[in-house]
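# Survey of secondary and tertiary structure
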Amino acid sequence: MTSSTPSRTALVVEDERTINDALAQRLRAEGYVVEQAFDGPSAVERASSVEPDVVLLDVMLPGFDGLEVCRRIQAERPVPVLMLTARDDEADVLVGLGVGADDYLTKPFSMREVVARVAALLRRVERAEALAVERPATLEVGAIVIDPGARRTTVAGEPVHLTPTEFDLLLCLAREAGQVLGRDRLLREVWDWGDSWGSAGAARTVDSHVKALRAKVGAERIRTVHGVGYALEALP
Ligand code: CA
């Protein structure tokens, strides 16, 4: 981060003080303004008073858990959330619940990875904001209609509520409807992952979000090509 970049505020929510402090220290070194919270209720309070640009959120917290924190924060004001999970399969559950987390990191993670993922989340938000200003044309793929400017989606005329990540994923697939998009490409374009970030959780991130998206737009509309990726089909 260069000195000309305006400071972004990150809220770190983690009850294990050593982890919280290590995250805060590293993010400060990268130029972020960092706020810390150590339990569910104070995390919601801090998010409301500080209005962070990004939230790093542990799942297991005293008070109420990270899922509830995520729901409450997102209900008040949309903000990108990087969830810190104890196990890979926990991420699946989280995505399925649709609490509005945008990305996941499984412990133990490297500080380098955290910084890269936070930066990627912020780039995505900026891109989405730029897109909203451009007011691009509506996309139609079969019964799915996507308004990229308003970030609204309907299926057969019915509004569908998508999380920011689900929306970006659907938009990416819709731009090349019928074509198979590989997981690598989806990770690059939707999550803004760098080519060199390969980790075991990467493919799982895509698969979990595709699963959640299918539940909302209809499973048959997203075709799986095993070992390759996914394609959005134009179905009535
Ligand atoms: Ca914890």
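Above this text sits the structure in question.
A brief structural summary. (Residues numbered from 1 in each chain as written. Predicted model: local features only at pLDDT ≥ 70, side-chain atom pairs only at ≥ 80, totals over all residues. Heavy atoms only, no water.)

All right, on to the coordination of the calcium ion then. Coordination of the calcium ion by the protein involves Asp15 (OD), Asp58 (OD) and Met60 (O), with metal-donor separations of 2.0 to 2.3 Å. Positions of the donor residues of the calcium ion along the chain correspond to the pattern D-x42-D-x1-M. Highlighted residues: Asp15 in the loop between β1 (9-13) and α1 (17-29) and Met60 in the loop between β3 (54-58) and α3 (66-76), separated in sequence by 45 residues. (Donors = N, O, S within 2.8 Å, 3.2 Å for Na, K, Ca; no water. Helix = DSSP H or I, 4+ residues; strand = E, 2+ residues; numbered from the N terminus.)

Right, let's talk about the packing of aromatic side chains for a bit. On inspection of all chains with the given rule, the structure shows 0 aromatic pairs. It is Arg17 that lies over the ring of Phe38; its NZ or CZ is 4.2 Å from the centre. Positioned above the aromatic ring of Phe64, the side-chain terminus of Arg72 is 4.1 Å from the ring centre. (Phe/Tyr/Trp six-rings, centres within 6.5 Å; stacked < 30°, edge-to-face > 60°. Lys NZ or Arg CZ within 6 Å of the ring centre and 35° of its normal.)

So, about the nonpolar core. Grouped together as the largest cluster of nonpolar side chains are 29 residues, with contacts concentrated most on Ile146, Leu169, Leu170, Leu186 and Leu232. In terms of residue count, the dominant contributor to this core is helix α6 (residues 164-175) (7 residues). Not counting residues within four places of it along the chain, the set of residues in contact with Ile146 comprises Thr138, Leu139, Arg152, Thr153, Phe167, Leu170, Leu171 and Ala174. Among the nonpolar cores identified, the runner-up in size contains 19 residues, and Val44, Leu57, Val69 and Val81 belong to it. (Core = buried A, V, L, I, M, F, W, Y, C linked by side-chain atoms within 4.5 Å. Buried < 20%, exposed > 50% of the residue type's maximum accessible area, 1.4 Å probe, protein only. Contact = heavy atoms within 4.5 Å.)

The next thing to look at is the pattern of salt bridges. Evaluated as defined, the whole model comprises 19 salt bridges. Note that Asp168 is salt-bridged to Arg151, the shortest N-O span being 2.9 Å. Taken as a pair, Asp168 in helix α6 and Arg151 in the loop between β7 (144-147) and β8 (152-155) lie far apart in primary sequence, 17 residues in all. (Salt bridge = Lys/Arg side-chain N within 4 Å of Asp/Glu carboxyl O.)

Another aspect to go through is the sheet that holds strand β10 (residues 181-182). The strands that make up a sheet pair up through hydrogen bonds in the backbone, lying either parallel or antiparallel. Strand order in the open sheet formed by 3 strands is β10-β12-β11, with antiparallel pairing between adjacent strands. Of all the strands in the sheet, the pair left with one neighbour each is β10 and β11 (222-225). Note that β11 and strand β12 (residues 229-232) share 4 bridges and pair antiparallel. Of the residues in β12, the one forming a bridge with Val225 is Gly229. The strands touched by α6 within the sheet are β10 and β12, with β12 carrying the most contacts at an inclination of about 75°. (Pairing = 2+ DSSP bridges. Axes fitted to C-alpha atoms, helices over the stretch in contact; angles between N-to-C directions.)

The next subject is the environment of Leu11. Within the secondary structure, Leu11 is located in strand β1. Taking relative accessible area as the criterion, Leu11 reaches 0% and is therefore assigned buried. Those residues within four positions of Leu11 in sequence are excluded, and the remaining contacts are Glu35, Gln36, Ala37, Ala43, Arg46, Ala47, Pro52, Val54, Val55 and Leu56.

We now examine unusual backbone geometry. With an omega dihedral of -5°, the bond running from Lys107 to Pro108 counts as a cis peptide bond. With respect to the helices and strands, Pro108 occurs in the loop between β5 (103-106) and α5 (111-134). Of note in the backbone geometry, Arg151 takes a positive phi value of approximately 55° without being a glycine. One non-glycine residue with positive phi stands out, namely Ala156, at about 50°. As for its position among the elements, Ala156 is in the loop between β8 and β9 (158-160). A residue is classified by how much of its surface remains accessible, and Ala156, at 60% relative accessible area, is exposed.

This part is about the pairing of β12. Bridging between β10 and β12 involves 2 bridges; their strand directions are antiparallel. Bridged to Gly182 within β12 is Gly229.

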